[in-house]
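In case you want the letters, here they are:
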Amino acid sequence: MKKLIHYLSPPKILVLGFAIIIFIGACLLTLPIATENGNGLPFLNAVFTATSATCVTGLIVVDTGDTFTMFGEIVILALIQIGGLGFMTFATLFFLLLGKKISLKERLLLKEAFNNISMAGLVKLVKRILLFTALIELIGGLILSIRFSFDMPIGKAIYFGFFHSISNFNNAGFDLMGGFQGLTAYVADPFVVLTICALITIGGLGFIVMNELYEYRETKRLSVHSKIVLSATVILTVGSTLLIFLFEYTNSKTIGDLTGMGKILGSFYQAVTPRTAGSNTLPIGDLTHSTLFLTILLMFIGAGSGSTAGGIKITTFAVLAATLWAQIRGKEDVVLFRRRIVIETILKALTVAMCGMVIVVFVTIFLSITEQKHSFMMYLFEATSAFGTVGLSMGLTPELTPAGRIVIILTMFAGRLGPLTIAFAITKRRKPEAFHHPKGNIMIG
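Residues numbered from 1 in each chain as written. Predicted model: local features only at pLDDT ≥ 70, side-chain atom pairs only at ≥ 80, totals over all residues. Heavy atoms only, no water.

Undergrad: I tried to follow the packing of aromatic side chains on my own but got confused; where do I start?
TA: Pairs of aromatic rings are described using the distance from one ring centre to the other and the angle between the two planes. On inspection of all chains with the given rule, the structure shows seven aromatic pairs. Through pairs of rings, three or more aromatic residues link up here, namely Tyr159, Phe160 and Phe163. Over the face of the ring belonging to Tyr214 we find Arg217, whose NZ or CZ atom lies 5.4 Å from the ring centre. When the ring centre of Tyr249 is taken as reference, the NZ or CZ atom of Lys263 above it lies at 5.1 Å. (Phe/Tyr/Trp six-rings, centres within 6.5 Å; stacked < 30°, edge-to-face > 60°. Lys NZ or Arg CZ within 6 Å of the ring centre and 35° of its normal.)

Set out below in structure tokens:
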């Protein structure tokens, strides 16, 4: 086994590691002790749920709160935590506790897992990630526990508080409210809405950005990456909140009948949750088509690189937008925050975006063939949600056919690990070209 690991590339090890975790989680969820009816989940449903949890998606074929026992829910929570932080983070923690040194191979794996540019300071970063995660989830869990204690017994409130804190910080979106209702009962509750939105946003920034913010007191500087993530997050969140507020203002099925503050909180949550979180305070199926399409775009973009989120990532979107703006203005260089973006980064951004589009289009077409009872919007929404590891659904997930469930499983897996990681994992190492073909001129546009 050691020899096999030695010869596998870091991307292949990551793909294999996630697949093994999903398989173990699925086996545990098939046990009679995992479900309330004592029969365990059918294997395909168990694989679907385990994949959704490990890939921190949140799409569910059975309601989490109604179906699973505490054992099953804890299995799901463990998969969410491992999937959100990455199994290499936990492996590193295990090695550190045993006093073992982190080898070069393991550092390469960490670099790949965090989508980091350099291997410098990776072990120190892992320690901080674990500390940040524990502290943020603890604070979020305490606030939610106090709020839920007004609606349920204190023991249940604490359990619910920490479950939803961990789930939302890892951008998973699993909830225990039952009845597929999500958090709709708390749509106008500022404690729940603001706490969970903060957990989602912080988890979606990325651990590199969190680490730079932590060190800002000493360094007094942020990298271009962090500046892009922070500024784009603010712009997308504020802009989306305003648009959703306008789109849903008169919709009595969503925010139309709420107070002014309730309308703002409902719009704000719906703007934040497509950043690959997946929990919802508004009934997704009742949103206007304008809001649904905006949500699809937000789900496709996702959040920060190296975070618990999915999608093509907000930095990819920013680079492509900056490239478009530079071309429109006739500029040769693409510049963000007074830094020139190199052509390799632009090509990688284009590749990631195109891979994402191809996956979403293929899955949408596949679902339109296998399901056939629903609208095209539902298929596109489901495909984008799975690819972006978001977990929002218009109600299609529980009704998926076996073929539909299998393709969504594969889509969630691809969305979590990233199209490029999977592509590198299944292809041979690229070799330099022996010769170059003559240049060809092609008319564009």
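Undergrad: Mind showing me how you'd approach unusual backbone geometry here?
TA: Generally, phi is negative for residues other than glycine and the peptide bonds are trans, each holding for most cases. We note that Lys313 has phi near 90°; this positive angle belongs to a residue other than glycine. Inspection of the secondary structure puts Lys313 in the loop between helix H14 (289-301) and helix H15 (314-328). The exposure class assigned to Lys313 is buried, which follows from its relative accessible area of 15%. The backbone phi angle of Gln372 is positive, close to 65°, even though this residue is not glycine. For Gln372, a relative accessible area of 61% corresponds to the exposed category. (Helix = DSSP H or I, 4+ residues; strand = E, 2+ residues; numbered from the N terminus. Buried < 20%, exposed > 50% of the residue type's maximum accessible area, 1.4 Å probe, protein only.)

Undergrad: Just checking my understanding: could you explain the nonpolar core for this structure?
TA: Nonpolar side chains tend to gather and get buried jointly when the protein is soluble and globular. Ranked by size, the top nonpolar core spans 93 residues in total, and within it Leu29, Phe48, Phe148, Phe174, Phe381, Ile408 and Met412 carry the most contacts. Apart from residues lying up to four places away in sequence, Phe48 is in contact with Leu59, Ile60, Val61, Thr397, Leu400, Arg405, Ile408, Ile409 and Met412. Counting residues in each nonpolar core, the second largest holds 11 residues, with Val229, Ile244, Ala271 and Ile301 among its members. (Core = buried A, V, L, I, M, F, W, Y, C linked by side-chain atoms within 4.5 Å. Contact = heavy atoms within 4.5 Å.)

Undergrad: What's the story with the packing of helix H16 (residues 343-370) against helix H17 (residues 376-387) in this structure? I'm lost.
TA: Packed helices, taken two at a time, are described by the angle their axes make and the gap between the axes. Close contact between H16 and H17 brings their axes to 8 Å; oriented N to C, the two are set at 135°. Put simply, H16 runs oblique to H17. Considering only the axes of H16 and H17, their crossing is right-handed. Here H16 contributes Gly356, Ile359, Val360, Val363, Thr364, Leu367 and Ser368 to the contact with H17, which in turn contributes Phe376, Tyr379, Leu380, Glu382, Ala383, Thr384 and Phe387. A class-by-class count of the residues in the contact of H16 with H17 yields nine nonpolar, four polar and one charged. (Axes fitted to C-alpha atoms, helices over the stretch in contact; angles between N-to-C directions. Parallel < 35°, antiparallel > 145°, perpendicular 65-115°, else oblique. Left-handed = near helix turned anticlockwise from the far one by under 90°. Nonpolar A, V, L, I, M, F, W, Y, C, P; charged D, E, K, R; others polar.)

Undergrad: Is there a simple way to explain a nonpolar patch on the surface in this structure?
TA: Nonpolar side chains collect at one region of the surface, where Leu16, Ile20, Phe23, Ile24, Leu28, Leu31, Ile33, Phe43 and Phe71 lie side by side and expose about 780 Å² of accessible area between them. No other element matches the five residues that helix H2 (residues 10-29) contributes to the nonpolar patch. Residue position: Leu31 is located in the loop between H2 and helix H3 (43-54). You can call Leu31 partly exposed: its relative accessible area is 33%. (Patch = residues over 30% accessible without salt bridge, like charges linked within 9 Å, V, L, I, M, F, W, Y side chains within 5 Å. Areas by Shrake-Rupley, 256 points an atom, 1.4 Å probe, with all protein chains shown as cover. Salt bridge = Lys/Arg side-chain N within 4 Å of Asp/Glu carboxyl O.)

Undergrad: Please clarify how the side chain of Glu137 should be interpreted in this entry.
TA: Structurally, the position occupied by Glu137 is in helix H8 (residues 122-148). Excluding anything up to four places from it in sequence, Glu137 contacts Gln81, Phe162, Ser165, Ile166, Phe169 and Asn170.

Undergrad: Help me understand the environment of Arg340, please; the structure alone is not making it clear to me.
TA: For Arg340, the location among the structural elements is in strand E2 (residues 339-340). Beyond its immediate sequence surroundings of up to four residues, Arg340 is in contact with Asp333, Val334 and Val335.

Undergrad: Would you mind showing me how to read helix H9 (residues 154-169) here?
TA: Because each turn of an α-helix spans 3.6 residues, side chains separated by three or four positions end up pointing in the same direction. In this model H9 runs 22 Å from its N-terminal to its C-terminal C-alpha over 16 residues, within 8% of the 22 Å that 1.5 Å per residue would give. Here H9 has its buried residues at Ala157, Tyr159, Phe160, Gly161, Phe163, His164, Ser165, Ile166, Ser167, Asn168 and Phe169. Of the residues flanking the end of H9, it is Asn171, one or two places downstream, whose phi is positive at about 55°. (Expected span 1.5 Å × (residues − 1).)

Undergrad: Would you mind going over the pattern of salt bridges with me for this structure?
TA: In a structure, side chains of opposite charge can pair up when their charged atoms sit close to one another. Tallied over the full model, the rule gives two salt bridges. A salt bridge links Arg147 to Asp151; the shortest N-O distance between them is 3.1 Å. The exposure class assigned to Asp151 is partly exposed, which follows from its relative accessible area of 43%. When the shortest N-O distance is used, the salt bridge between Arg147 and Asp189 registers 2.4 Å. Highlighted residues: Arg147 in helix H8 and Asp189 in the loop between H9 and helix H10 (190-205), separated in sequence by 42 residues. Note on accessibility: Arg147 and Asp189 belong to one class, buried.

Any link to function would need more than the numbers given here.
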